[in-house]
Amino acid sequence: MIIKTATFSISAPYLSMCPATKEKEYAFIGRSNVGKSSLINFLTNHHGLAKVSTTPGKTQLINYFNINESWYLVDLPGYGFAKVSKTEREKFDKVIKTYIKNREQLQYVFLLIDARIPPQKIDLEFVNFLGENAIPFVLVFTKMDVSRKNETPKNIAAFKKELSKDWEELPPIFHTSSFNKTGKEEILAFIAANEKA
Ligand code: GDP
């Protein structure tokens, strides 16, 4: 798929403000600082579409980007930001989960996992939430550029091992680096195939 147009559509601070659009949606989510904004900008060829955060966890809005005037990329708030109060975190957790469970236009959740760090409990819990609710999702490992310690293969293997304790089958998995500009075609081809289906 070639992305010809990617435009910011609307920010919804509450569920009641989410637009009543009919187009299919693909939602991106992950821990704060996972590299979500960078990935969205990379996928859409649009440098400033999603804001690369200087203060992680600050923007807690559901952002809609219209792609090719045919589908929506939905930027869900990052979870797990330590400096947000527990009450705030619980409130946003509820908003996100309600959205994911009820949004009819939603085709897939793209759950972003930072390949630079070992498996995080909060990410594994999110996978379990998606699996238990039979939400179609894929995993996207981010920051897969070469690092000095070359820790990403080990972290990914450990993450898969954790998942296999609870799940027989793993979801589709993508590997990306917004820095090296890798992994985009695979993700866009996946979305294109679903758009045709
Ligand atoms: P968000 O909070 O999930 O939206 O993440 P951002 O896109 O704002 O990125 C968080 C941090 O990770 C920033 O310091 C980025 O420079 C860094 N980052 C994002 N993508 C990559 C990547 O592909 N490779 C590396 N090494 N770092 C990245």
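Our subject is the structure listed above.
Only a predicted model underlies this, so the values are computations on that prediction, with no experimental measurement involved. (Residues numbered from 1 in each chain as written. Predicted model: local features only at pLDDT ≥ 70, side-chain atom pairs only at ≥ 80, totals over all residues. Heavy atoms only, no water.)

Enquirer: Is there a simple way to explain the overall build of the protein chain in this structure?
Expert: The number of helices and strands found in the protein chain is five helices and seven strands. Reading the helices (α) and strands (β) of the protein chain from amino to carboxyl end gives β-β-α-β-β-α-β-α-β-α-β-α. Relative to the compact-globule value of 16 Å for 197 residues, the protein chain shows a C-alpha radius of gyration of 16 Å, a close match. Dimensions of the protein chain along its principal axes, counting C-alpha atoms only, are 40 × 40 × 35 Å. Taken over 197 residues, the protein chain has a buried fraction of 46%. (Helix = DSSP H or I, 4+ residues; strand = E, 2+ residues; numbered from the N terminus. Rg over C-alpha atoms; globule rule 2.2 N^0.38 Å. Buried < 20%, exposed > 50% of the residue type's maximum accessible area, 1.4 Å probe, protein only.)

Enquirer: Looking at this model, I keep getting lost on the pattern of salt bridges. Mind explaining?
Expert: In the structure shown here, the tally under the stated rule is nine salt bridges. The residue Lys-143 makes a salt bridge to Asp-114 at a minimum N-O spacing of 3.3 Å. Within this pair, whereas Lys-143 is found in the loop between strand E6 (137–142) and helix H4 (152–166), its partner Asp-114 is found in strand E5 (residues 106–114), the two being separated by 29 residues in sequence. Two residues, Arg-116 and Asp-145, come together in a salt bridge whose shortest N-O distance is 2.6 Å. Residue Arg-116 is found in the loop between E5 and helix H3 (121–132), and its partner Asp-145 is found in the loop between E6 and H4; the two are separated by 29 residues along the sequence. (Salt bridge = Lys/Arg side-chain N within 4 Å of Asp/Glu carboxyl O.)

Enquirer: Sorry, what's going on with the side chain of Gln-105 here?
Expert: Tracing the backbone shows Gln-105 in the loop between helix H2 (86–102) and E5. A polar contact of 3.3 Å, which involves the side chain of Gln-105, links it to the side chain of Arg-103. Setting aside residues no more than four positions away along its own chain, Gln-105 makes contact with Pro-19, Ala-20, Thr-21, Lys-22, Glu-23, Lys-24 and Glu-25. (Polar contact = N/O pair within 3.5 Å; in protein donor to acceptor, adjacent residues only side chain to side chain. Contact = heavy atoms within 4.5 Å.)

Enquirer: Explain the environment of Gln-105 here, please?
Expert: The exposure class assigned to Gln-105 is buried, which follows from its relative accessible area of 15%. Among the polar contacts listed, one links the side chain of Gln-105 to the backbone oxygen of Thr-21, at a separation of 2.6 Å.

Enquirer: Is there a simple way to think about the side chain of Asp-123 in this case?
Expert: With respect to the helices and strands, Asp-123 occurs in helix H3. The buried charged residue Asp-123 lacks any salt bridge partner; its closest oppositely charged side chain belongs to Arg-31, at an N-O distance of 4.6 Å. Among the polar contacts made by the side chain of Asp-123, one reaches the side chain of Tyr-79 at a distance of 2.7 Å. Excluding anything up to four places from it in sequence, Asp-123 contacts Arg-31, Tyr-79, Leu-111, Ile-113 and Phe-159. (Lys, Arg positive; Asp, Glu negative; His and termini not counted.)

Enquirer: Just checking my understanding: could you explain the pairing of E5 for this structure?
Expert: Looking down a regular strand, the side chains alternate between one sheet face and the other. Burial of E5 is extensive: seven of the nine residues sit out of reach of the surface. Pairing geometry for E5 and E6, over six bridges, is parallel. Note that in E6 the partner of Val-109 across the bridge is Phe-137. Handedness of the E5-H3-E6 crossover: right-handed. (Pairing = 2+ DSSP bridges. Right-handed = clockwise from strand over helix to strand, strands pointing away.)

Enquirer: Just to check I follow, could you spell out the nonpolar core for this structure?
Expert: Among soluble globular proteins, nonpolar side chains are generally buried collectively. The biggest cluster of nonpolar side chains holds 30 residues, and the ones touching the most others in it are Leu-76, Ile-100, Leu-111, Phe-126 and Leu-130. For this core, the secondary-structure elements that each account for two or more residues are strand E2 (25–30), strand E3 (62–67), strand E4 (71–75), H2, E5, H3, E6 and H4. The element contributing the most residues to this core is H3, with five residues. In this view, Leu-76 contacts Ala-27, Phe-28, Ile-29, Lys-36, Leu-61, Ile-62, Ile-96, Tyr-99 and Ile-100; residues no more than four positions away in its chain are not counted. Formed by 23 residues, the second largest nonpolar core is a distinct cluster that contains Tyr-26, Leu-43, Ile-67 and Leu-188. (Core = buried A, V, L, I, M, F, W, Y, C linked by side-chain atoms within 4.5 Å.)

So yeah, pure geometry; function would need other evidence.
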